[in-house]
Amino acid sequence: MIRIAPSILSADFARLGEEVRAIEAAGADLVHFDVMDNHYVPNLTIGPLVCEAIRPHVSIPIDVHLMVEPVDDLIPMFAKAGANMITFHPEASRHVDRTLQLIRDHGCKAGLVLNPATPAHWIDHVMDRLDMVLLMSVNPGFGGQRFIDATLPKLREVRQRLDQYKTISGREIWLEVDGGVKVDNIGEVVAAGADTLVAGSAVFGAPDSDGGYRTVMQALRAGAAKAG
Ligand code: DX5
Ligand code: ZN
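Summarised in this report is the structure supplied together with it. (Residues numbered from 1 in each chain as written. Chains lettered and ligands numbered in written order. Predicted model: local features only at pLDDT ≥ 70, side-chain atom pairs only at ≥ 80, totals over all residues. Heavy atoms only, no water.)

The full set close to ligand 1 counts 20 residues, and D34, G141, D178, G200 and S201 are the nearest of them. Between H65 and ligand 1, the recorded distance is 3.2 Å, taken from a side-chain N or O atom to an oxygen atom. G144 places a main-chain nitrogen or oxygen 2.8 Å from an oxygen atom of ligand 1. Taking 380 Å² as the accessible area of ligand 1 by itself, protein coverage stands at 100%. Broken down by secondary-structure element, the contributors of at least two residues to the shell around ligand 1 are β2 (31-36), β3 (62-67) and β8 (196-199). Here the shell around ligand 1 is composed, by residue class, of eight nonpolar, 10 polar and two charged. (Near = heavy atom within 4 Å. Polar contact = N/O pair within 3.5 Å; in protein donor to acceptor, adjacent residues only side chain to side chain. Areas by Shrake-Rupley, 256 points an atom, 1.4 Å probe, with all protein chains shown as cover. Helix = DSSP H or I, 4+ residues; strand = E, 2+ residues; numbered from the N terminus. Nonpolar A, V, L, I, M, F, W, Y, C, P; charged D, E, K, R; others polar.)

Shown next as structure tokens:
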């Protein structure tokens, strides 16, 4: 099963409630919520208050991607604001295992985000605490960047590890990819092993006035299906 998670980073922030309702109506599986702190990444976005504000507008899960340092203080706040899954960058936490546990203790699914240059072995000793792994296919901080091709071999490697883990444990860990995913490359990304795809500018770049979000979502799914 392939999940598509439009990133609201590219949405119209002045009409956010309407925008998230529109992507749910267009068939989105998750709302991808990018949190930037102008410290871990050179940009500043939205926090728990905005998460709480959009929560009543959608019934699909909210996938919070924390690009912040430190991480832990924000976890209870996002859980309270209605987040369903929370991912963070391991370099931004002093105690990765503890942070993962903290997310789950607050009733959310937990995941690690690996930057393009972050080695895959960060997941090795915390597999039992992971519900998802998010591979960045751009450097975090901005929407609308180009997909970094070196993500594909890394994706295949992580896919293999997660499949091995599933054989042993019976537990499925989602594999999400974030950055530069478009209609014309989604097939390749899915073929390399992703099951959850973030798409920001690809979705919100299409004006919704004439059902544009639905058209893009369908094109993304059709592209993903071509992966075979
Ligand atoms: C980048 C964010 C992404 C971004 C993706 O730091 O984590 O979620 O919004 O945007 P696109 O799909 O435009 O690359
Ligand atoms: Zn993101």
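So that's the structure; there's more coming.
All right, on to the nonpolar core then. Of all hydrophobic cores here, the largest spans 75 residues; its most connected members are I8, F33, L66 and V133. Excluding anything up to four places from it in sequence, V133 contacts L112, L114, I123, V158, L162, I173, W174, L175 and E176. If you look at the next biggest cluster of nonpolar residues, it comprises six residues, including L30, M85, M132 and V198. (Core = buried A, V, L, I, M, F, W, Y, C linked by side-chain atoms within 4.5 Å. Buried < 20%, exposed > 50% of the residue type's maximum accessible area, 1.4 Å probe, protein only. Contact = heavy atoms within 4.5 Å.)

A word on the packing of aromatic side chains. Per the stated rule, a full pass over the model turns up two aromatic pairs. Aromatic pair F33 and F78: ring centres 5.9 Å apart, planes at 75°, arrangement edge-to-face. Taken together, the residues F33 in strand β2 and F78 in helix α3 (residues 74-80) connect sequence positions 45 residues apart. Ring plane angle 75° and centroid distance 5.3 Å describe the contact between F204 and Y213, whose orientation is recorded as edge-to-face. Of the two residues, F204 and Y213, neither departs from the other in class, the shared state being buried. (Phe/Tyr/Trp six-rings, centres within 6.5 Å; stacked < 30°, edge-to-face > 60°.)

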